[in-house]
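Letter by letter, the chains look like this.
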Amino acid sequence: MKTLKLTILSVALLVSGSTFAQFEDYLLGGIDDANTLFNHYMSPMMKGIGYGFNNGWYNTAKPHETLGFDLTISFNAALVPVKDQSFVFDPNEYTATTIASGNSTLPTAMGGAASTVLQYNIDQQDIDPSLPPGIISATYNAPSGYGEQLKEYTLGQLGVPSPVIQAGIGLVKGTELKIRWMPEVNRETVYFKYFGVGALHSIDQWIPGLKSLPFLDISGFIGYTKIYVEYPLPVGDIGGENQMASFDINTTTFQVIGSAHIAVVTGYLGIGYDNFKTNFKMLGTYDLYPGIVPAVSDPINLEQKGEGSPRVTAGVRLKLAIVTLHADYTLREYNTLTLGLGFSFR
């Protein structure tokens, strides 16, 4: 249950509470401006989720024997570079939003506290040409980041957490099937669905000379993970219906893995690339200007993609009877640390 809660947290914490309580201000400043602002704000978190859930798939290149199986829990932390912990507010990107006071460098969701005050100025006639001339104006605080809070879950490092629970079972011909799954949650407060599938296949068995080396294994791996989270939004006093936030996460990884073992210690190395797409939407209707213009529908739609992102993973596993402990580190745009505990029956 803790793993389930932390998985939901990793895709929901950063866009809850005070952040969405301010959405009334962001939306009143214009849908385009709101999408631009939140794209900058949420981009590192969305990337971190995509990279993180592509990790934790393996701790050896050796597939299970037929009907051998394991149950493994891994914790991934995609470390956010300093350059992605903040962004510069460029007034040329916005139509109605400006800085009223404070610094033009604002924190992303993975940054620290914000002290900048933003302001929107909208001509009433841009809302409805039949209205008399006049400017609608208001100020509001720029959103702060959640970096410090997340350090509690990422070993003191600034990273996006992505816990994983999965099972592997040996089939035939040096092939192992891996399944990621958590119980579907469908409540008024949250809807959560999580599933992943992967395949590990021995390559060295087909290469003369290599299959005679009992301490060395080489395999190919492909893995896919899909997560969907939806939950109600606290958006203040905006009228409307079915106001929800949704995250749709799809990740795929392709790798060649090698491992060598001596006694109870296994070292492993993986080389390949990742694809991912994370999508965040603000769903429902929002009555921004009651009695003036119709309510808007589904105003926020953000997307981050990582296509063909190269990766190199190096790790070590300790196996004591049926218990396994593993740790690895992945080099890529967002370097990722993985720690895991498992129970393996070959």
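Residues numbered from 1 in each chain as written. Predicted model: local features only at pLDDT ≥ 70, side-chain atom pairs only at ≥ 80, totals over all residues. Heavy atoms only, no water.

### Here we look at the overall build of the chain
And step 1. Each helix and strand in the chain was counted, giving 6 helices and 17 strands.
And step 2. Counting the 346 residues in the chain, one finds 49% classified as buried.
And step 3. Considering only contacts in the chain between residues 6 or more positions apart, those separated by 24 or more positions represent 67%.
And step 4. Surface accessibility of the chain: about 15,400 Å² in total, with carbon and sulfur atoms responsible for 61%.
And step 5. Taking the 21 positively charged and 30 negatively charged side chains of the chain as two groups, their mean positions are separated by 18 Å. (Helix = DSSP H or I, 4+ residues; strand = E, 2+ residues; numbered from the N terminus. Buried < 20%, exposed > 50% of the residue type's maximum accessible area, 1.4 Å probe, protein only. Contact = heavy atoms within 4.5 Å. Areas by Shrake-Rupley, 256 points an atom, 1.4 Å probe, with all protein chains shown as cover. Lys, Arg positive; Asp, Glu negative; His and termini not counted. Charge placed at Lys NZ, Arg CZ, Asp CG, Glu CD.)

### Topic: the confidence of the model for the chain
And step 1. For the chain, per-residue confidence averages 87 on the pLDDT scale, and residues scoring 70 or more make up 91% of the total.
And step 2. Across the chain, the secondary-structure element scoring lowest on mean pLDDT is helix α1 (residues 2-12), at 49, and the one scoring highest is strand β16 (residues 323-331), at 98.
And step 3. Confidence over residues 1-6 falls short of pLDDT 50; this stretch has 9 contacts with residues more than four positions distant or in other chains. (pLDDT = per-residue confidence, 0-100.)

### Examining the pairing of strand β15 (residues 300-320)
And step 1. Of the strand pairs in this sheet, strand β12 (residues 265-283) and β15 are connected by 17 bridges, and their pairing is antiparallel. Within β15, the residue paired with Thr278 across the bridge is Gln304.
And step 2. In terms of strand pairing, β15 meets β16 through 9 bridges, oriented antiparallel. Residue pairing in the sheet places Gly315 in a bridge with Asp328 of β16.
And step 3. The antiparallel pairing of β15 with β16 creates a hairpin that spans 2 residues between the two strands, and Ala321 there sits at a positive phi of about 60°. (Pairing = 2+ DSSP bridges.)

### What about the nonpolar core?
And step 1. Judged by nonpolar contacts, the single largest core of 55 residues is most densely connected at Leu27, Met42, Met45, Phe247 and Phe280.
And step 2. If sequence neighbours within four positions are ignored, Leu27 has contacts with Ala34, Ile238, Met282, Tyr286, Leu288, Pro299 and Ile300.
And step 3. Judged by nonpolar contacts, the second largest core, of 7 residues, contains Trp57, Leu200, Phe221 and Ile257. (Core = buried A, V, L, I, M, F, W, Y, C linked by side-chain atoms within 4.5 Å.)

### Quick word on the sheet that holds strand β17 (residues 336-345)
And step 1. Judged by pairing direction, the barrel is antiparallel, and its 10 strands sit side by side in the order β1-β7-β8-β9-β10-β11-β12-β15-β16-β17 before closing back on the first. Ignoring strand direction, the axes of neighbouring strands in this sheet form an average angle of 20°.
And step 2. Where strand β7 (residues 159-170) lies against strand β8 (residues 175-186), 5 bridges are found, and the strand directions are antiparallel. Each bridged residue has a counterpart across the sheet, and for Gly168 the counterpart in β8 is Lys178.
And step 3. Against the sheet, helix α4 (residues 31-52) touches β1 (69-79), β7, β11 (244-262), β12, β15 and β17, its axis set at about 25° to β15. (Axes fitted to C-alpha atoms, helices over the stretch in contact; angles between N-to-C directions.)

### Quick look at unusual backbone geometry
And step 1. With a phi angle near 55°, Ala263 is a residue other than glycine that sits in the positive phi range.
And step 2. By secondary structure assignment, the location of Ala263 is in the loop between β11 and β12.
And step 3. Overall, Ala263 belongs to the exposed group, its relative accessible area being 73%.

### A closer look at the sheet that holds strand β3 (residues 97-101)
And step 1. Read from one edge to the other, the open sheet built from 3 strands follows the order β3-β5-β6, with strand pairing classed as antiparallel. The sheet is open, and its two edges are formed by β3 and β6 (135-141), each paired on a single side. Taken pair by pair, the neighbouring strands of this sheet meet at an average axis angle of 30°, ignoring direction.
And step 2. Bridge count between strand β5 (residues 117-123) and β6: 7 bridges; the pairing is antiparallel. The partner of Asp123 across the bridge, within β6, is Ile135.

### Looking at the pattern of salt bridges
And step 1. In this structure the tally under the stated criterion is 7 salt bridges.
And step 2. Among the salt bridges present, the one from Glu176 reaches Lys178, with a minimum N-O distance of 2.8 Å.
And step 3. Take Glu176: its relative accessible area is 2%, and that puts it in the buried class.
And step 4. One salt bridge in this structure joins Glu303 and Lys305, with 3.8 Å as the shortest N-O distance.
And step 5. Taken together, the shared-partner salt bridges connect Asp274, Arg311 and Arg332 into one network. (Salt bridge = Lys/Arg side-chain N within 4 Å of Asp/Glu carboxyl O.)

### Concerning the packing of aromatic side chains
We describe a pair of aromatic rings using the distance from one ring centre to the other and the angle between the two ring planes.
And step 1. Tallied over the full model, the rule gives 14 aromatic pairs.
And step 2. Pairing Tyr120 with Tyr140 gives two aromatic rings, centres 6.3 Å apart and planes at 40°, and the pair type is tilted. Note that Tyr120 is positioned in strand β5 and Tyr140 in strand β6, a separation of 20 residues in sequence.
And step 3. Judged by relative accessible area, which is 6%, Tyr140 ranks as buried. (Phe/Tyr/Trp six-rings, centres within 6.5 Å; stacked < 30°, edge-to-face > 60°.)

### What about the environment of Val164?
And step 1. Position of Val164 relative to the elements: it lies in strand β7.
And step 2. Relative accessible area serves as the criterion here: at 1%, Val164 is assigned to the buried category.
And step 3. If we skip the residues at most four places from it in the chain, Val164 touches Phe53, Asn55, Thr72, Ile73, Ser74, Asn76, Arg180 and Tyr194.

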